[in-house]
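Residue strings, one per chain:
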Amino acid sequence: MKKATKIDNELHIKFFVPSGEFNTTLQQVKAITGRRWDADRKIWIVPFIKNTVDYLKNIGFEIEGVPEDKPLPFVIESPRKEVDRSKLPDGLRPYQLEAVEFMEAVGWRGFISLAPRLGKTLCALCGWMLHDEFAPVLIICPASVKINWQREIYKWTKKKAHIISGTTPYPLPNVRFHIINYDILYSWVGSLPKYNYICVDENHRVSNVTMNKIVEKKTVKVPVKCTEAFRIIAKDTPHIALLSGTPATSKVYQLWVGLNILAPTEFPNEYKFKWRYCAPRHDGYGYVFDGLSNGEELHARLAKYMYRKTREEVFTDLPEESHEFVQVEIDQRAYEADLADFKRWYAKHKDVSDEELEEKLSSFASLGYSKKRTSIIEWLTDFCEGEEQIVVFAWHRDVVEDLYNAFKKKAVMMYGGMSATDKQKSIDDFNAGKKQLFIANIASAKEGITLAAASTVAYVEFPLTAGDLEQSSQRIWLPGKQQKLQYIYFCAVDLEEARIDKLRKRAKILSKVLDGKEVEIMTDRVREMLE
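So, here is what we can say about the structure in this document.

**Let's talk about the side chain of Ser455**
Now for step 1: Its place among the elements puts Ser455 in the loop between helix H16 (442-445) and strand E21 (456-459).
Now for step 2: For Ser455, a relative accessible area of 3% gives the class buried.
Now for step 3: Only 3.2 Å separates the side chain of Ser455 from the side chain of Gln483, close enough to count as a polar contact.
Now for step 4: Sequence-distant contacts of Ser455, defined by excluding residues within four places in its chain, comprise Glu388, Gln389, Ile476, Lys481, Gln483, Lys484, Leu485 and Gln486.

Below, the structure is given as structure tokens:
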């Protein structure tokens, strides 16, 4: 039993919980500002504040004496403004024209959140087609798609774009479009010209203000330089298009940076945003913002700044999909030794953030690859006896290189350290049918590229976020493709299956905010298994 009763301007708190939950619940209550213990009545007393009520509800308390909020009649606003279609290219799909009219209505300051493969690039370029005064235009994108952006710009506008390279600034040519990748953005702050229009491709790359870093054996938060650079550049830019099918890849609070850039007066404070919409809870060490609260309200507010379409909303003839976990054999004693090391680490670091836990799990999975390797290579060898092409995703570069070396005559590879030209050649050769396997690390190949020559994706290692899983999985799909899509997950242990399960369920939380769908928020199976 967990109950809080409103008495005058106070909340009186009582709880009777199983012994395993007692310390966590106690720390959650003690985290409330102004709490005090009444030893005579054996209750906790806290000031009555609306945020406190929301907090207690989020951690499972029944609230008495406080009327339930009546649901507001949330109005989903999706503004439109007609445009001069003579300035736009032929062949725009209806939803793309809607996106352009939406952006025109919001002054070209908004999210274009079309699912992967639905044509966000063209929608963004329509801003310059309608308003040549928007030049110069800056494209910020992952390094792997800079050449693709250059090609698309020429295809639709017949204008040449300059790709900015290197971390040492140099005089830029006087052209209408400049293209820069996230990795070097911080080095160019202060050296870039004033832009009237910025297109931020895969804007979830700049969705975190801080990151956790180990400094002298302590976890501290440090600024994310890429996000810091983007916010400086965008601050005085009049027109901004944020492009991503997954504007938040893992947590709801990742939406705040974009919303703050677009509407700083409406979304001025990150902490208030987290407290209102991210189901704050205290885990005994500090506040955690990994859930969703007031989702319908946030969805309605978001609709004023975001044009959103999923594949399911646009196409009624999507291909069938299958998802298969392949349980591979490993050296059980060696695996259990690694698992014991991992559990010992976890026992000493239970206060780590979800991001740190995911990173450690990734390293643990990398150790597992060596134990899965024989089974993976045997499976891929059997697959290659046919003619069908396949995309193979890993997380670590050494895994990519190992698999490539095993199938060098039939494969191309792609990873972050390759040049943009070499990456594009791998993509082109694969799509032309010259190679049967496309082997890549997820971070470099999850966004902005097409690998539709294949209909099968195999994951030998797993991504860190739900967004990475969604983005990478869609590389093999194109509108109109009817061939069945097959997804294979090589798993050595139940822990890996639980990790994929967790990523899928995080995606459901984000879907409620972005798409307004009612979904169940599931518990974190990974932490349950570790405990």
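**Concerning the environment of Val66**
Now for step 1: Within the secondary structure, Val66 sits in the loop between strand E5 (62-64) and helix H3 (94-105).
Now for step 2: For the pair Val66 and Lys6, spaced 60 residues apart in sequence, the C-alpha separation works out to 6.5 Å.
Now for step 3: Sequence-distant contacts of Val66, defined by excluding residues within four places in its chain, comprise Lys6 and Phe48.

**A word on the sheet that holds strand E16 (residues 306-309)**
Now for step 1: Spatially, the 7 strands line up as an open sheet ordered E8-E9-E7-E10-E13-E6-E16, and their pairing is parallel. Lying at the two open borders of the sheet, with one neighbouring strand each, are strand E8 (161-163) and E16. Between one strand axis and the next, the sheet turns by 15 degrees as a mean value, whatever way the strands run.
Now for step 2: Here strand E6 (residues 109-114) runs beside E16; their pairing, made up of 4 bridges, is parallel. The residue bridging Phe111 from the neighbouring strand is Met306, located in E16.
Now for step 3: Of the strands in this sheet, E6, strand E7 (137-141), strand E9 (177-181), strand E10 (197-201) and strand E13 (239-243) touch helix H4 (residues 120-130), which is tilted by about 155 degrees from E6.
Now for step 4: On top of the sheet, helix H5 (residues 146-157) reaches E7, E8, E9, E10 and E13; it is set at about 160 degrees to E9, its chief contact.

**A few points about the pairing of strand E20 (residues 437-441)**
Now for step 1: Burial runs high along E20: 5 of the 5 residues are buried.
Now for step 2: In the sheet, strand E18 (residues 390-394) pairs with E20 via 5 bridges, with the strands oriented parallel. Across the sheet, the residue bridging to Val392 is Ile439, located in E20.
Now for step 3: Pairing between strand E19 (residues 411-414) and E20: 4 bridges, direction parallel. For Ala411, the partnering residue across the bridge sits in E20 and is Leu437.
Now for step 4: The handedness of the E19 to E20 crossover, carried by helix H15 (residues 420-431), is right-handed.

**Points about helix H7 (residues 225-234)**
Now for step 1: Those residues of H7 that fall on the buried side of the exposure criterion are Cys226, Thr227, Ala229, Phe230, Ile233 and Ala234. Looking down the long axis of H7, one finds its buried residues gathered within 160 degrees of arc, a one-sided arrangement.
Now for step 2: Looking at the buried side of H7, the elements it contacts are E7, helix H6 (182-188), E10, E13 and helix H8 (256-262).

**Things to note about H3**
Now for step 1: Over its 12 residues, H3 runs 17 Å from end to end, which matches the ideal 16 Å to within 8%, given 1.5 Å per residue.
Now for step 2: In terms of burial, H3 is a largely internal element, 9 of the 12 residues being buried.
Now for step 3: For H3, the secondary structure elements touched by its buried residues are E6, H4, E13, E16 and helix H11 (311-314).
Now for step 4: Downstream of H3 by one or two residues, Gly107 has phi in the positive range, about 70 degrees.

**Topic: the packing of H4 against H5**
Now for step 1: Running from amino to carboxyl end, H4 crosses H5 at an angle of 55 degrees, the nearest separation of the two axes being 11 Å. When the interaxial angle is binned, H4 and H5 end up oblique. Relative to H5, H4 is oriented so that their crossing is right-handed. On H5, the residues touching Thr121, Leu122, Ala124, Leu125, Trp128 and Met129 of H4 are Trp149, Glu152, Ile153, Trp156 and Thr157.

**Considering the packing of aromatic side chains**
Now for step 1: Within this structure, the stated rule accounts for 22 aromatic pairs.
Now for step 2: Look at Phe134 and Tyr197: their rings are 5.2 Å apart centre to centre, the planes differ by 50 degrees, and that puts the pair in the tilted class. Separated by 63 residues along the polypeptide, Phe134 in the loop between H4 and E7 and Tyr197 in strand E10 bring together distant segments of the chain.
Now for step 3: Both rings, one in Tyr170 and one in Trp188, keep their centres 5.0 Å apart while their planes meet at 90 degrees; by these two values the pair is edge-to-face.

Calculation criteria
- Residues numbered from 1 in each chain as written.
- Predicted model: local features only at pLDDT ≥ 70, side-chain atom pairs only at ≥ 80, totals over all residues.
- Heavy atoms only, no water.
- Helix = DSSP H or I, 4+ residues; strand = E, 2+ residues; numbered from the N terminus.
- Buried < 20%, exposed > 50% of the residue type's maximum accessible area, 1.4 Å probe, protein only.
- Polar contact = N/O pair within 3.5 Å; in protein donor to acceptor, adjacent residues only side chain to side chain.
- Contact = heavy atoms within 4.5 Å.
- Pairing = 2+ DSSP bridges.
- Axes fitted to C-alpha atoms, helices over the stretch in contact; angles between N-to-C directions.
- Right-handed = clockwise from strand over helix to strand, strands pointing away.
- Arc of directions from axis to C-beta.
- Expected span 1.5 Å × (residues − 1).
- Parallel < 35°, antiparallel > 145°, perpendicular 65-115°, else oblique.
- Left-handed = near helix turned anticlockwise from the far one by under 90°.
- Phe/Tyr/Trp six-rings, centres within 6.5 Å; stacked < 30°, edge-to-face > 60°.

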